[in-house]
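In case you want the letters, here they are:
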Amino acid sequence: MRAPSSLSVTSKSLPFLEAPSKLDGTSMVGDYGFDPMGLSEIQADLKYARWAELKHGRICMLAIVGMVTQEYGPFGSGWHVPSPHPGQFTELDPFAAVGAVGFEGNAQIFLAIASIELATFALHYGEGTEGDIGWDFLGLLEGKTDEQRRRTMEQEIVHCRLAMVAFTGAAVQTLIFHQPLLG
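Residues numbered from 1 in each chain as written. Predicted model: local features only at pLDDT ≥ 70, side-chain atom pairs only at ≥ 80, totals over all residues. Heavy atoms only, no water.

Moving on to a nonpolar patch on the surface. Together, Phe95, Val172, Leu175, Ile176 and Phe177 make up an exposed nonpolar region whose accessible area comes to about 490 Å². In this structure, phenylalanine 95 sits in helix α2 (residues 94-120). (Patch = residues over 30% accessible without salt bridge, like charges linked within 9 Å, V, L, I, M, F, W, Y side chains within 5 Å. Areas by Shrake-Rupley, 256 points an atom, 1.4 Å probe, with all protein chains shown as cover. Salt bridge = Lys/Arg side-chain N within 4 Å of Asp/Glu carboxyl O. Helix = DSSP H or I, 4+ residues; strand = E, 2+ residues; numbered from the N terminus.)

Written as structure tokens, this is what we have:
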């Protein structure tokens, strides 16, 4: 990597590196010029990459909350969804739980995910805001100024990135050490 010249823009996250040309810090929410591997240079359009980042981040936010809730829960002994088969779905290891649920349960999950993917696929390449699939049921963005909306979207992307790191750590700890997440 060459040293930044006086005319180049430096990265906000790594000020000693030059920011990639596609990461200008203004066109995308949460853009801090962090791309040490140069992945932004191989993408024709970063919109799809942002969709993928938000989608995976949202899944990781749900996953890490689910992993901690399953293991510890509000009462200290784990919390489980009520089941017509008591004791059947009490596996605390999230990777072993996939097998404990069985084919029917996993098929339902797969079909739900596939339905959402098929319903929102065209949005990944169309116009509009990255990550907006029209599911703001609570009206969290209604009545906000453009600056407030940008700040809210930036908070989401930062939390998505944190959740992806947290999920990776939880997965490594579970798979390698077989220890409780917070224990």
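Resuming the write-up.
As a further point, take the pattern of salt bridges. Under the counting rule described, the total for this entry stands at four salt bridges. Of the charged contacts, one joins glutamate 53 and arginine 50 as a salt bridge, the two residues approaching to 3.1 Å between their closest N and O atoms. Pair noted here: glutamate 53 and arginine 50 are both in helix α1 (residues 46-71), with a separation of three residues, about one helical turn. Among the charged side chains, a salt-bridge network with shared partners connects Arg50, Glu53 and Arg161.

Attention now goes to the UniProt feature "binding site: chlorophyll b 1" (unreviewed entry) in the chain. Under the UniProt annotation, the feature "binding site: chlorophyll b 1" (unreviewed entry) is placed at Arg58. You can see arginine 58 is positioned in helix α1. Under the relative-accessibility criterion, arginine 58 is labelled partly exposed at 26%. In this structure, arginine 58 is in contact with Gly131, Glu156 and Cys160, ignoring residues within four places of it in sequence. (UniProt positions renumbered as here; feature names shortened; annotations may be inferred. Buried < 20%, exposed > 50% of the residue type's maximum accessible area, 1.4 Å probe, protein only. Contact = heavy atoms within 4.5 Å.)

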